[in-house]
Amino acid sequence: MHMADALVSPAVGGALWAATAGLFAWCGRRLKSSVEGPIVPLMGVLGAFVFASQMINFAIPGTGSSGHLGGGLLLAILLGPEAALVVLSSVLATQALFFADGGLLALGANILNLGFLPAFIAYPFLYRPLSGGRRSGARAWAAALLSAVAGLQLGALGVVLETRASGISALPFSGFLLLMLPIHFAIGLVEGLVTAAVVSFVARARPEAAAPADFSKRSVLAGLLIGALGIGGVGVWFASDRPDGLEWSIAKMVGREDLPRSEESVHQALEKVQEATSVLPDYALPSGAPHSSGVPEKAQTSLAGVAGGGLTLLLAGAAGLFLQRRRS
Amino acid sequence: MKAAVADLDDLGRRSSPVHRLDARAKVLATGAFLVTVMSFPRQEVSALTPFLFFPLVLASLGGVPFGFLFRRVLAALPFALLVALGNPFFDRVPVGVGPWETTAGWMSFSSILFRFLLTVLAALVLAATTGVDRLTDALGRLGLPRVFVVQMSFFYRTLFVVGEEASRMKRSLLIRSHGNKAPSFRSVVSLLGHLLLRAMARAERIHGALRARGYDGRLPSLGRRRAGWTDLGFLAVCGASFAAARVWNLAEMAGRWAAP
C-alpha cells in the first residue's frame with residue numbers, strides 16, 4: 001500500500017506532509033518527557049522487530065497466497081498511539097530510502113495512511129473499547145480483527161483518494177476502489193489475526209507490558225471537529241453546483257431535475273412538514289427571509305455547512321449517550 | 001533484505017566530496033528536486049531528461065556504483081509498472097510526437113516511469129552519500145522532534161541485530177518444516193512472539209546500560225561542522241538548475257540547437 005512518488009502531485013504530497021509535520025510536532029511534544037526513559041530503546045527495538053517480521057511470510061490457508069504483518073495496530077497496542085507513530089515513521093522512512101518502497105514526497109501520505117489511521121483511529125476508537133482492556137480471549141481477537149480490517153480499509157481508501165486528487169494516474173476512481181478495498185480486506189483479516197495472536201502470546205509471557213493509558217481521545221476528536229468545521233465552513237465553497245447523480249439521472253429521463261409534485265395526501269402532508277422545519281432550504285437562507293438578499297451566497301453556504309455539522313454532532317452525541325445509558 | 005541495508009550503510013560511511021557536504025544541504029536539495037520533478041504536467045517526458053544529471057553526477061562524485069543503483073531501481077519497478085500500466089488503457093486521446101502518433105495514455109505512462117526513475121535514484125543517492133546517522137541528525141537540526149531522531153538511531157542500530165536473529169529463526173523454522181516454502185500460521189506466530197519478547201528484553205538491557213553511562217536523552221554526534229560556503233553554493237547551484245530546467249525545456253532546446 002506504499003504510494004510511490006510517481007503517483008503523487010506536489011500539491012497533494014505537500015499538503016499531506018504538512019499534516020504529517022503537525023502530527024510529528026504533536027507526538028514530539030507528548031513524548032518529550034519520555035525521551036530518556038526506557039520507552040525509546042523499546043521503540044527502536046520494536047521498529048526493528050516490525051521491519052524484520054515483514055520478511056517473514058506465511059501461507060494463508062485456502063487462498064494459495066501469503067501475507068505478512070504490517071504492524072501498525074500491534075505497535076499501538078504495545079506502545080500507545082504517539083510512540084507507535086514514531087516507530088512506524090522510521091520503518092516507512094527506511095523502506096522509502098533504502099528499498100524505494102514508497103516515495104519520499106509521498107512519505108507524508110504513507111505515514112498518514114499506514115501509521116496515523118491504525119494508531120490514532122483504529123486503535124483508540126475501535127480496539128480499546130471493543131477489547132475492554134483484555135489482551136487474550138475471544139473478545140480481544142474479535143477486537144483486533146475488526147480494528148485491523150477497519151484501519152486497512154481506511155488506509156486503502158486514503159490511497160485511492162490521494163491518487164485521484166493528484167491526477168497523474170488515469171485509473172478510474174471506482175475501478176481503483178473496487179480493486180483496493182477487497183484485497184485490503186483480506187490483508188486486514190490476516191493482520192488482525194497475527195496481531196491478536198502475537199499480543200495474546202506476549203500478554204501471557206509478560207502481563208505487565210501494556211500501552212500507557214493516558215492517550216487523549218479528545219484531542220483526536222478536537223482535530224476532527226476542526227477539520228469538519230473547515231470543510232463545512234470553507235470547503236463547501238468549492239462544491240460543484242452541477243446536479244447530483246440522482247438529479248442528473250432524473251433530468252435525463254424526465255427533462256427536469258425534480259419530479260412533478262404528487263397529489264397524494266400523505267406526500268402533501270409531509271411536504272408541509274418539511275416546509276415548516278427547513279430553516280435553510282437547499283443549504284441557503286430562505287428567499288423570503290428579511291436579510292437574505294444582503295448576505296453573500298458564500299456566507300449562506302458556510303452557515304448551512306457549519307450549522308448542519310453542529311446539528312449532526314448534537315444528534316449523534318445525544319444518540320450515543322442515550323445508548324450508553326441504556327446499556328449500563 | 002538485510003544485505004541491502006548493509007550495502008547502503010557501507011556506502012554511506014565512505015568519504016568523498018559529496019559525503020563531505022552538509023547533510024542538511026543534501027536533504028533540502030533532494031527535497032527541491034522531488035518537488036520540481038513531480039510538478040511537471042502529466043504527459044511531460046522530454047523536459048524531465050535533464051534532471052537525470054542530479055542523481056547521476058552526485059553518484060559518480062560520491063563513489064556510488066551505477067550497477068548498484070540500477071539494480072535497486074529494477075527491484076522496485078514492478079509496483080510502479082502496475083499502476084502506470086492503467087494509463088494507456090484509460091487514456092486514448094491521440095497525440096503527435098514528432099512524426100509519430102501515439103496516445104496521451106502512453107505519454108503519461110512514460111512520464112510516470114521516468115518520474116519513478118528520477119525519484120528513486122534521488123532517494124538512493126541521498127542515502128548512499130550521507131549515511132543514516134548523519135541524515136537523521138540533519139533532520140533533527142531541520143526541526144524534526146528529538147524523539148524521532150533518537151528513536152531512529154536505536155532503530156537503525158538494532159535493525160542489524162534483530163534482523164540477524166530473525167533470519168536465524170526463519171532458517172531453523174524452514175529446516176523444521178521439511179522445506180515447505182511458507183510455514184504454518186502457528187509456527188510463524190510463535191516465532192514472532194519469541195522474537196518480540198527477546199526484542200523487549202534487549203531494549204531493557206540497552207536502556208539500563210545507557211543510564212549507567214549517564215544517558216540523558218541526547219545522542220552526541222561527532223564531526224559536526226557548521227554549514228560552509230561550499231554547502232550554500234551547492235544548494236544555490238541546484239536550486240538554480242532545477243528552476244531553469246523547470247521553466248525551459250532544456251532537452252528540446254539542445255535538440256533544436258544540434259539539429260536546426
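Structure report, in brief.

Cut-offs and rules
Residues numbered from 1 in each chain as written. Chains lettered and ligands numbered in written order. Predicted model: local features only at pLDDT ≥ 70, side-chain atom pairs only at ≥ 80, totals over all residues. Heavy atoms only, no water. Contact = heavy atoms within 4.5 Å. Buried area = accessible area lost by both parts, 1.4 Å probe. Salt bridge = Lys/Arg side-chain N within 4 Å of Asp/Glu carboxyl O. Polar contact = N/O pair within 3.5 Å; in protein donor to acceptor, adjacent residues only side chain to side chain. Helix = DSSP H or I, 4+ residues; strand = E, 2+ residues; numbered from the N terminus. Nonpolar A, V, L, I, M, F, W, Y, C, P; charged D, E, K, R; others polar. Buried < 20%, exposed > 50% of the residue type's maximum accessible area, 1.4 Å probe, protein only.

Interfaces are often sized by the amount of accessible area the parts lose when they come together. Counting from both sides, the interface comprises 63 residues of chain A and, opposite them, 69 residues of chain B. Here chain A and chain B share an interface that buries about 6,100 Å² over both sides, 83% of which is from carbon and sulfur atoms. Where chain A touches chain B, the interface holds zero salt bridges. In this assembly, chain A and chain B are joined by two residue pairs in polar contact (both at pLDDT 80 or more). Mapped by element, the contributors of at least two residues to the side of chain A that touches chain B are helix H1 (10-31), helix H2 (39-53), strand S1 (58-60), helix H4 (81-99) and helix H7 (173-205) of chain A. Broken down by element, the side of chain A that touches chain B gets its largest block of residues, 13 residues, from H2 of chain A. Residues belonging to the side of chain A that touches chain B are distributed by class as follows: 48 nonpolar, 12 polar and three charged.

Moving on: the pattern of salt bridges. All names here are of chain B. Going through the model one piece at a time under the given rule, you end up with four salt bridges over all chains. Arg141 is paired through a salt bridge with Asp137; the nearest N and O atoms lie 3.9 Å apart. Taken together, the residues span about one helical turn, with Arg141 and Asp137 both in helix H8 (residues 132-141) at a distance of four residues. Look at Arg141 and you get partly exposed, because its relative accessible area is 32%. Residue classification places Asp137 among the buried residues on the basis of a relative accessible area of 17%.

For the rest of this paragraph, the subject is the environment of Asp7 of chain B. Residue and element names in this part refer to chain B. With respect to the helices and strands, Asp7 occurs in helix H1 (residues 2-12). In this structure Asp7 comes out as partly exposed when scored by relative accessible area, which is 36%. Separated by 15 residues in sequence, Asp7 and Asp22 have C-alpha atoms that sit 22 Å apart.

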